[in-house]
Amino acid sequence: MESMLADYRVLDLTDEKGFLCGRILGDLGADVLKIEKPGGDRARNIGPFYKDTPHPEKSLYWFFYNFNKRGITLDFETEDGKGIFRRLVEKAEFLIESFPPGHLESLGLCYEALRKINPRLVMTSITAYGQKGPSKDCKTCDLVSAAAGGLVFILGDDDRPPVRITAEQSYPEAGAQGALASLMAHYGRQTKAEG
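What you are looking at is a predicted structure, and each value in this text was computed from that prediction instead of being measured.

Q: Would you mind showing me how to read the pattern of salt bridges here?
A: Any two side chains of opposite charge can pair if their charged atoms end up close together. For the coordinates displayed, the defined rule picks out 14 salt bridges. The residue Arg23 makes a salt bridge to Asp27 at a minimum N-O spacing of 3.2 Å. Of this pair, Arg23 and Asp27 both sit in helix H1 (residues 19-27), 4 residues apart, which is roughly one turn of that helix. Residue class for Asp27 comes out partly exposed when judged on its relative accessible area of 40%. For the salt bridge of Arg160 with Asp157, the shortest nitrogen-to-oxygen distance reads 3.8 Å. Residue class for Arg160 comes out exposed when judged on its relative accessible area of 56%. Salt bridges sharing common partners tie together Asp12, Lys34, Asp41 and Lys69.

Next up, the structure:
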């Protein structure tokens, strides 16, 4: 049976905040290309590890969130890397990223520049506090994001401080919402022929 996104390519530039977005699009049949910088993604060092052997090629965390993805190493901060990346963008339908606001723009790879290469490109940016506004440059982690979103407040007992669920909560939620937003933009692209 043909899957929903079988004819589409996704360029995945996400970190933990957006890993699940690419995973979901891959689960729906898209050809997801996970692009890692030289030396590999730092999330490869997050446990647990297969047979409790810490190694970047044995991270079960990495395997779970990057299932159904192919991978390449590319330093798109160099001129040669930017050229290769632009050629990948020509043949992609989706780009998902989770860099701090302004990072891709500083490299000349913002949405406005990339849509000149591929007007049908859907670009989804997953950031801690959005692309604009007074908090856009604030750093975060999963726990801080969960607390800022109110999730931690509703957990635990009324007579004690809030508690955290042991597994990540806000990062997978951000990835799931990113996948939903990507699919909504994809649906819009079907009617107006642009990303």
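Resuming the write-up.
Q: Can you walk me through the nonpolar core in this structure?
A: Nonpolar side chains tend toward joint burial in soluble globular proteins. By size, the foremost hydrophobic cluster in this structure holds 17 residues, and its most contacted members are Leu11, Ile35, Phe76, Phe85, Leu95, Leu109 and Leu114. Of all the secondary structure elements, the ones that give two or more residues to this core are strand S1 (9-13), strand S2 (31-36) and helix H3 (79-90). Apart from the residues lying within four places of it in its own chain, the contact partners of Leu11 are Leu33, Ile35, Phe85, Leu88, Val89, Ala92, Phe94, Leu95 and Ile96. If you look at the next biggest cluster of nonpolar residues, it comprises 13 residues, including Val10, Ala30, Ile96 and Ala179.

Q: Could you clarify how one ought to interpret a nonpolar patch on the surface in this entry?
A: Where nonpolar side chains cluster on the molecular surface, the patch consists of Tyr50, Leu60 and Phe63 and spans about 290 Å² of accessible area. Note on placement: Leu60 falls in helix H2 (residues 60-65). Under the relative-accessibility criterion, Leu60 is labelled partly exposed at 38%.

Q: Before we go on, may I ask you to explain the pairing of strand S3 (residues 69-73) in this structure?
A: Remember that side chains alternate between the two faces of the sheet whenever the strand is regular. Pairing analysis gives 5 bridges linking S2 to S3, with the strands arranged parallel. Within the sheet, the bridge partner assigned to Leu33 lies in S3 and is Arg70. Regarding the hand of the β-α-β motif, the stretch spanning S2, H2 and S3 is right-handed.

Q: Can you help me understand helix H7 (residues 170-192) in this one?
A: For an α-helix, 3.6 residues make a turn, and residues three or four places apart therefore share a direction. The end-to-end C-alpha distance of H7, which contains 23 residues, comes to 32 Å, matching closely the 33 Å that a straight helix rising 1.5 Å per residue would cover. Along H7, the positions that sit buried rather than exposed are Ser170, Tyr171, Pro172, Gly175, Gly178, Ala179, Ser182, Leu183, His186, Gly188 and Arg189. As for H7, its buried residues are in contact with H1, H2, strand S4 (94-97), strand S5 (122-125) and helix H6 (142-148). Residue Ala193 follows H7 closely and has a positive phi angle near 60°.

Q: What is the right way to read unusual backbone geometry from this model?
A: Backbone phi values are negative for most residues with the exception of glycine, while trans is the configuration of most peptide bonds. Put simply, Gly47 and Pro48 share a cis peptide bond, and its omega is 10°. Note that Pro48 resides in the loop between S2 and H2. A positive phi is found at Lys51, a non-glycine position, where the angle reads about 55°. Along the polypeptide, Lys51 turns up in the loop between S2 and H2. Residues other than glycine seldom take positive phi values, yet Asp52 does so here, at roughly 55°. Tracing the backbone through its elements, the reader meets Asp52 in the loop between S2 and H2.

About the criteria used
Residue indices begin from 1 for each chain and proceed along its sequence in written order. Confidence filtering applies because this is a predicted model: local features only for residues at pLDDT of at least 70, side-chain atom pairs given and counted only at 80 or more, and all residues used for totals across whole chains, interfaces and linings. Side-chain numbers here rest on the full set of heavy atoms in the structure, without hydrogens or water. Any Lys or Arg side-chain nitrogen found within 4 Å of a carboxyl oxygen on Asp or Glu counts as a salt bridge. Runs of E in the DSSP output that reach at least two residues are strands. Runs of H or I that reach at least four are helices, and both are numbered from the N terminus. Burial status follows relative accessibility: with a 1.4 Å probe on protein chains alone, a residue under 20% of its type maximum counts as buried, one over 50% as exposed, and anything between as partly exposed. For this analysis, a nonpolar core means a set of buried residues of the types Ala, Val, Leu, Ile, Met, Phe, Trp, Tyr and Cys, connected via side-chain atoms within 4.5 Å. Pairs of residues are marked as contacts when any of their non-hydrogen atoms sit within 4.5 Å. Only residues whose relative accessible area exceeds 30% and that take part in no salt bridge are eligible for patches, with like-charged residues grouped when within 9 Å of each other and nonpolar side chains (Val, Leu, Ile, Met, Phe, Trp, Tyr) grouped when within 5 Å. Note on areas: Shrake-Rupley, 1.4 Å probe, and residue coverage restricted to the protein chains presented here. Note: two strands are recorded as paired if DSSP finds a minimum of 2 bridges between them. The path from the first strand over the helix to the second decides the hand: if it runs clockwise while the strands point away from the viewer, the crossover is right-handed. The span expected for a helix works out to 1.5 Å for each residue beyond the first.

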